[in-house]
Amino acid sequence: MMYPYNANETMKLLGRQSMVYVLDRYPEVEEQITEIARARPYSFALDAACDLFMLGYIYGKRAERARRKGTKKDE
């Protein structure tokens, strides 16, 4: 079986992230993901959900950095 974090560039990016860091910083995330899993028992893959969450986290961080960079230019 192929290691999923070598499959493509998106997965390589996700493979370099630390979900533990995010869960330590935002402890409610783990419970909320678990709640989603309970609500979708036959159509939910926890690993995929965590990867999608991390991708959203990455894009959120990028947007935050871009916003800050844009704000500094306006000053």
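Residues numbered from 1 in each chain as written. Predicted model: local features only at pLDDT ≥ 70, side-chain atom pairs only at ≥ 80, totals over all residues. Heavy atoms only, no water.

Right, let's get into the overall build of the protein chain. Summing up its helical and strand segments, the protein chain has four helices and zero strands in all. Seen in sequence order, the protein chain has helices and strands lined up from the N terminus as α-α-α-α. Against the globule reference of 11 Å for 75 residues, the protein chain gives a C-alpha radius of gyration of 15 Å, more extended than a compact globule. Structurally, the protein chain occupies a C-alpha span of about 50 × 30 × 20 Å along its principal axes. Considering the protein chain as a whole, with its 75 residues, one finds that 17% of them fall into the buried category. Look at the contacts in the protein chain between residues 6 or more apart in sequence, and 57% of them connect residues 24 or more apart. If you sum the accessible surface of the protein chain, you get close to 6200 Å²; carbon and sulfur atoms cover 55% of it. (Helix = DSSP H or I, 4+ residues; strand = E, 2+ residues; numbered from the N terminus. Rg over C-alpha atoms; globule rule 2.2 N^0.38 Å. Buried < 20%, exposed > 50% of the residue type's maximum accessible area, 1.4 Å probe, protein only. Contact = heavy atoms within 4.5 Å. Areas by Shrake-Rupley, 256 points an atom, 1.4 Å probe, with all protein chains shown as cover.)

Met11, Leu13, Leu14, Met19, Val22, Val29, Ile33, Ala49, Met54, Tyr57 and Ile58 form the largest nonpolar core, which has 11 residues in total. If you list the elements that add at least two residues to this core, you get helix H1 (9-15), helix H2 (19-25), helix H3 (28-39) and helix H4 (46-74). Examining the composition of this core, we find that four residues originate from one element, H4, more than from any other. Setting aside anything within four residues of it in sequence, one finds Met11 in contact with Pro4, Tyr5 and Asp51. (Core = buried A, V, L, I, M, F, W, Y, C linked by side-chain atoms within 4.5 Å.)

Another aspect to go through is the packing of aromatic side chains. This model, assessed by the stated rule, comprises three aromatic pairs. Summarising the aromatic geometry, the rings of Tyr26 and Tyr57 are spaced 6.3 Å apart at their centres and angled 70° between planes, so their arrangement reads as edge-to-face. One end of the pair, Tyr26, is in the loop between H2 and H3; the other, Tyr57, is in helix H4, with 31 residues separating them in the sequence. Residue Tyr26 is classed as partly exposed on the basis of its relative accessible area, which comes to 28%. Site record: aromatic cluster; members linked through ring pairs are Tyr26, Phe53 and Tyr57. The aromatic ring of Tyr59 is capped on one face by Arg62, whose charged end is 5.3 Å from the ring centroid. (Phe/Tyr/Trp six-rings, centres within 6.5 Å; stacked < 30°, edge-to-face > 60°. Lys NZ or Arg CZ within 6 Å of the ring centre and 35° of its normal.)

Moving on: the confidence of the model for the protein chain. Overall, the prediction assigns the protein chain a mean pLDDT of 88, with 93% of residues at 70 or greater. Per-element confidence in the protein chain ranges from a low mean pLDDT of 86 for H2 to a high of 94 for H1. (pLDDT = per-residue confidence, 0-100.)

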